Amino acid sequence: MSFLSLTNIKKSFGPVQVVHDFNMGIEKGEFVSFLGPSGCGKTTILRMIAGFETPSGGSIFIDGKDQGALKPNQRNIGMVFQAYALFPNMNVHDNVAFGLKVAGTSKTDIDIRVKQMLGLIKLEHLADRFPYQLSGGQQQRVALARALAVKPQVLLLDEPLSALDAKIRISLREEIRQIQQQLGITTVFVTHDQEEALSISDRIVVMNAGRADQIGTPFEIYNTPATRFVASFVGTLNIIEAKVADPAAGSITIGNQPVTLREPIAGLNGGDTISLALRPEAGSIAEGAKGDASISGEVVSTSFLGSVIRTRLRVGSDIISFDMFNNPGIIPPASGENVTLRFAAKDLLVIRE
Amino acid sequence: MKKIWAWGALLFGILYFTLPLVGMTNFSLKMRRGEYSFDAYAKVFGDPRFQETFTYSVTQALFTIVFGVLLVVPTAYWIRLKLPGLRPYVEFVTLLPLVIPAIVIVFGYIRLYNTSSWLPLTGSAFGTNILLMFGYATLALPYMYRAVDTGLRTIDVATLTEAAQSLGAGWATILARIILPNVLVAVLSGAFLTFAIVIGEFTMAALLNRPAFGPYMQLLGANRAYEPAALAVIAFGITWGCLGLIQLVSRFQKSAPPKA
């Protein structure tokens, strides 16, 4: 059994079922992110682990112990909230010490532990400040220290970076990951930001309408999305509608242009429609670009995005975007120009619904 | 032209409210013929019944405040946290003392808790004191509930509760160490209003025959000339003192300084 085991978890609010038979095992020390749009059930699962919601069915085990009968304050879980949730009447020291005081830890041990925790988040000098005297980033770091001070078995992070500005968000997510690795604490992180999930997770669970569409490493999730939803939610993706020409040979046509896939197409007949996914960074129009497949089309528009230039190409009835690195020496194609996009056939993924 | 009317209205308002007070204060200082003196005040303060009734009412006020806080804070907290749908109904119930006269409430008490009832609270002074305290708490309920509820609105009750729970805290710890300290200003506002109500209340104390400050003021007013005016000024001072304390505490809380 995994360190944190979720078996057949269901949750309904009245007639609405928000989580459907969710199963997952999380190993000790693993950092798992739940990624998905609002209302997909990711926070509900987190709250069920914390004990704030009772599952309508299924079981949750932590280190072999059934959590079903335990109240939230009886579970050894640390939680960080989107809204920081620091106690406004306590200063930083007392906030971090709160869980230890509740547990009846001696004053000397509390002082030592609080010092350790504030050292970990590099805020020892702000021990006497009240929450209203701290910035959002500082408040969230204190909330992290407070959650970790009680040495929880599992750390739950409920969109902890959502309320912060972009720069702080990036630095704090790296800090969270570093602290998590340093302490080796099992962590569940809920976010709707794919970049956050991809950058700090060992594994990602992509949630869709109360179900896990795919569970995998960031590399797997990004490069081999299992469903159309995962493909469209994680990263930017071109969804191309193609016609199957010869399923056994893997032959298709995109806007009447033949392309051959790496593998035969199972379960479809000639003339059927098929959805394919192609990442914008997978193709190139540069001269001498490598790729065993190509399609030609008319440039619709070109957008400058800083480090990359995104070009939109019309191929038949599809619009395909592709990115190229910004290089002052290369002039982007003009609208109306005809270009040939080269890519590896293996990058063209068949998408299930 | 508009400004003149506005200033005129303001002046009229100020005179309307302050002239009776000025007249009453002036009268209370005229006990000694031909000169201003504090004789009426000295007589009031020197009266053992003043000390006795005032001490009684202050004690009752303190117990009422403690009872009110213990009743209202957990109730308002629970309603906000778990039963938000019940809020309009609870608000309605807390407003009832404003529309039901005190005399109706106290007659109900006497009928329910008389010496031949199953709970004969009026059978002893201690029991009647408790009954009176409950009555005061009922009269103060609209103010106390609103003050606490407004205080709870300023904090994220649900998230703070969950944060405390995730750190191992039970309900009593959460209420005592998280919720109550964060609504302290609101609780104090409610407490001072309760204090002002209890100090001046007449009907309940008179009908339950307890030696409270309200009946003493009425008794003095019926039998003396200058002392009631002095007493009214004193009672007015106490009320304004309470309101001043609310302001002071509110300001103190806003600028809570970090520990040195």
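Residues numbered from 1 in each chain as written. Chains lettered and ligands numbered in written order. Predicted model: local features only at pLDDT ≥ 70, side-chain atom pairs only at ≥ 80, totals over all residues. Heavy atoms only, no water.

Colleague: Give me the lowdown on the sheet that holds strand β2 (residues 16–26) of chain A, citing residues and values where you can.
Modeller: Residues and elements named next belong to chain A. Pairing in this open sheet of 4 strands is antiparallel, and the strands run β2-β1-β4-β5 from one edge to the other. Looking at strand neighbours, the two that pair on one side only are β2 and β5 (65–66), the edges of this open sheet. Of the pairings in the sheet, the one linking strand β1 (residues 4–13) to β2 comprises 7 bridges and is antiparallel in character. Along β2, the bridge assignment pairs Leu4 with Ile26. Seen against the sheet, helix α1 (residues 42–50) touches β1, β2 and β4 (57–62) and runs at an angle of roughly 115° to β1. (Pairing = 2+ DSSP bridges. Helix = DSSP H or I, 4+ residues; strand = E, 2+ residues; numbered from the N terminus. Contact = heavy atoms within 4.5 Å. Axes fitted to C-alpha atoms, helices over the stretch in contact; angles between N-to-C directions.)

Colleague: Mind laying out the domain arrangement of chain A, listing which residues take part and the relevant values?
Modeller: All names here are of chain A. According to the domain assignment, chain A consists of domain 1 (4–232) and domain 2 (236–350). The C-alpha-based centres of domain 1 and domain 2 are spaced at 39 Å. Summing the contributions of domain 1 and of domain 2, the shared interface buries around 630 Å²; its carbon and sulfur component is 47%. Per-residue buried area on domain 1 facing domain 2 is highest for Tyr222, Arg228 and Ala231; these three make up 70% of the total on that side. Linking domain 1 with domain 2 are 1 salt bridge, by the criterion used here. Residue Glu241 is joined to Arg228 by a salt bridge in which the shortest nitrogen-to-oxygen separation is 3.6 Å. Inspection of the region where domain 1 meets domain 2 yields 3 residue pairs in polar contact (both at pLDDT 80 or more). Residue assignment for the side of domain 1 that touches domain 2 shows that the elements contributing at least two residues are α7 (218–223) and α8 (228–233). Split into classes, the residues belonging to the side of domain 1 that touches domain 2 amount to 4 nonpolar, 3 polar and 1 charged. (Domains from an automatic or database assignment. Buried area = accessible area lost by both parts, 1.4 Å probe. Salt bridge = Lys/Arg side-chain N within 4 Å of Asp/Glu carboxyl O. Polar contact = N/O pair within 3.5 Å; in protein donor to acceptor, adjacent residues only side chain to side chain. Nonpolar A, V, L, I, M, F, W, Y, C, P; charged D, E, K, R; others polar.)

Colleague: Requested: an account of the packing of helix α3 (residues 107–120) of chain A against helix α4 (residues 136–149) of chain A, with residues and values cited.
Modeller: Residue and element names in this part refer to chain A. Here α3 crosses α4 at 140°, and the two axes come no closer than 9 Å. Relative to α4, α3 is oriented oblique. Of the two elements, α3 crosses α4, and the hand of that crossing is right-handed. Contacts from Arg113, Met117 and Leu120 of α3 reach α4 at Ala145, Leu148 and Ala149. Classifying every residue of the contact of α3 with α4 gives 5 nonpolar, no polar and 1 charged. (Parallel < 35°, antiparallel > 145°, perpendicular 65-115°, else oblique. Left-handed = near helix turned anticlockwise from the far one by under 90°.)

Colleague: Run through the side chain of Ser5 of chain A, naming residues and quoting values.
Modeller: Residues and elements named next belong to chain A. Following the sequence through the fold, Ser5 ends up in strand β1. Here Ser5 falls in the buried class, since its relative accessible area comes to 9%. A polar contact of 3.5 Å, which involves the side chain of Ser5, links it to the side chain of Thr7. Ignoring sequence-local partners within four residues, the contact set of Ser5 consists of Met24, Ser59, Ile60 and Phe61. (Buried < 20%, exposed > 50% of the residue type's maximum accessible area, 1.4 Å probe, protein only.)

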